[in-house]
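Descriptive analysis of the structure
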Amino acid sequence: MITFPISGWFALKIVPTYERMIVFRLGRIRTPQGPGMVLLLPFIDSFQRVDLRTRAFSVPPCKLASKDGAVLSVGADVQFRIWDPVLSVMTVKDLNTATRMTAQNAMTKVLLKRPLREIQMEKLKIGDQLLLEINDVTRAWGLEVDRMELAVEAVLQLPQDSPTGPNLDSTLQQLALHFLGGGTSSAAGGAPHPGPADTLEMVSEVEPPAPHGAGPSPKQPVAEGLLTALKPFLSEALVSQVGACYQFNVVLPSGTQSIYFLDLTTGQGRVGHGVPDGIPDVVVEVAEADLRALLCRELRPLGAYMSGRLKVKGDLAVAMKLEAVLRALK
C-alpha cells in the first residue's frame, strides 16, 4: 500500500474472457481466477494462465501396416480444448506433446486391425472411434478432443491380395526364388525351373556333389549357370515394357556382398554378376539367411520389410515392374 500505485502494476492482473488464471498461494492451488481483474500478493502468489480456446495440431505422417498387408503413410489433424484448467495444470506438464503421443498410439492401434480399403472408405467413422479412445485418456487431464481427421498421405505398398496390381513383397520373393535356384523353389512352393536348374533337385544332400559337375553349388545365392539360363528370356519387348535397371545385393554370412544386375534399358537386356554400367533404378538388399527364410515361409516378407531386414532403395512403382520379368521367366 505504501508503494501504490507502482505496486499495482505487479499486484493487479487482467484476465480476458477466454483465459483462466491458476493461482498458487504459498504453494497451494486456489480456485481458477477470472475473467476480469485479479489481485495477487507480491512474493506470495505465483500464477499460470490457461487458454480455454480450441487449439489444433497435426500428427506427423507415420508408416503403418494395415490388416491386409498394405503399407501406408498416415497422419491426422486434431482439435482439442481445455475444460478443466486445474486438471490441465496439475496432471500434465506438456499438453501438446502428451495429446499428440496419445493420438498417434491410438491411430496405430486402430489402423493395424483394418484393411486398406476400409481405411480409405471409412475415414470419418474411424475418426469418431479414435475420438472416443483418445478422450478416455485425456479427460483425466482436463482436456477434450473435439475433432480428429485422418489424412492418408500415400500408399507405399499395395495389399498382398490386391487385384489391382502386383505386390512388392511377393515380387521380390519370386525374383529371389529364381536367383536361388530350383531346390529352394520347391521348398517355397513355387514351380520348378525348367532346364539346368532341375539338376539341383537330383543332387543328394548326403553324398557330396561331383567336383567337376555342371550344376552350381546350393551354398551360393546365384550361380553362373542360372544367370546363363536367364539370358534366353530377355527380349526387346520385355525391355520396352519394363525399361529399368535393377541391382541385387545379397549379404553373405561372412559379411561380404554378392552383387548382381538385371539391365532392361537397352537392346534385348543384360543380366550378370557385378555392378551395372549405369546407375540402377532400384537396389534390393537382403541377407542370405533372411532371403532363405523368406523363401521357406519362416519369415513374412512384410515383417522383414517393416523391420528393415529387407531393404528396397528406389521407386517402388519401378520395383513392381519386376512382375513382367517374372512372367517371362515362367
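Keep in mind that this is a model prediction, so the values were computed, not measured. (Residues numbered from 1 in each chain as written. Predicted model: local features only at pLDDT ≥ 70, side-chain atom pairs only at ≥ 80, totals over all residues. Heavy atoms only, no water.)

This part takes up the confidence of the model for the chain. Residue-level pLDDT values for the chain average 74, and 68% of them are 70 or greater. When mean pLDDT is compared element by element in the chain, strand E2 (residues 19–25) scores highest at 92, while helix H8 (residues 198–201) scores lowest at 38. The model gives residues 162–169 a pLDDT under 50, and that stretch makes 19 contacts with residues more than four places away or in other chains. For the stretch residues 181–226, pLDDT sits under 50, and the model shows 48 contacts to residues farther than four places along the chain or on other chains. (pLDDT = per-residue confidence, 0-100. Helix = DSSP H or I, 4+ residues; strand = E, 2+ residues; numbered from the N terminus. Contact = heavy atoms within 4.5 Å.)

This next bit is on the sheet that holds strand E5 (residues 45–51). The antiparallel open sheet is built from three strands, whose spatial order is E3-E2-E5. Strands at the two margins of the open sheet, each flanked by one partner only, are strand E3 (28–29) and E5. Where E2 meets E5, seven bridges bridge the pair, whose relative direction is antiparallel. Directly across from Ile22, in E5, lies its bridge partner Gln48. (Pairing = 2+ DSSP bridges.)

Within the secondary structure, Leu130 is located in helix H5 (residues 123–138). Note on Leu130: relative accessible area 0%, which makes it buried. Sequence spacing of Leu130 and Met148 is 18 residues, and the spatial spacing of their C-alpha atoms is 7.4 Å. When neighbours within four sequence positions are excluded, Leu130 is seen to be in contact with Ala106, Met107, Val110, Met148 and Leu150. (Buried < 20%, exposed > 50% of the residue type's maximum accessible area, 1.4 Å probe, protein only.)

A few words on unusual backbone geometry. At the junction of Gly34 and Pro35, the peptide bond is cis and its omega measures out at 0 degrees in the coordinates. Note on placement: Pro35 falls in the loop between E3 and strand E4 (36–39). Although it is not a glycine, Leu26 sits at a positive phi angle of roughly 55 degrees. In this fold, Leu26 is placed in the loop between E2 and E3. One non-glycine residue with positive phi stands out, namely Phe43, at about 65 degrees.

For strand E6 (residues 55–65) and strand E7 (residues 71–82), the ladder comprises nine bridges, and the chain directions are antiparallel. Following the sheet pairing, Phe57 is matched in E7 by Val78. As consecutive antiparallel partners, E6 and E7 are separated by five residues, and within that stretch Gly69 has a phi angle of approximately 90 degrees, a positive value.

Relative to the assigned elements, Leu52 resides in the loop between E5 and E6. Sequence-wise, Leu52 and Glu19 are 33 residues apart; in three dimensions their C-alpha atoms are separated by 5.7 Å. For Leu52, the residues in contact, after removing those within four places along its chain, are Tyr18, Arg20, Arg81, Ile82 and Pro85.

Counting residues in each nonpolar core, the largest one holds 34 residues, and the members touching the most others are Met107, Leu111, Leu130, Met148 and Leu150. Elements that contribute at least two residues to this core include exactly E2, E6, E7, helix H3 (95–111), helix H4 (116–121), H5 and strand E8 (143–157). If you tally residues by element for this core, the top one is H3, at seven residues. Counting residues in each nonpolar core, the second largest holds 14 residues, with Ala244, Tyr246, Val282 and Val284 among its members. (Core = buried A, V, L, I, M, F, W, Y, C linked by side-chain atoms within 4.5 Å.)

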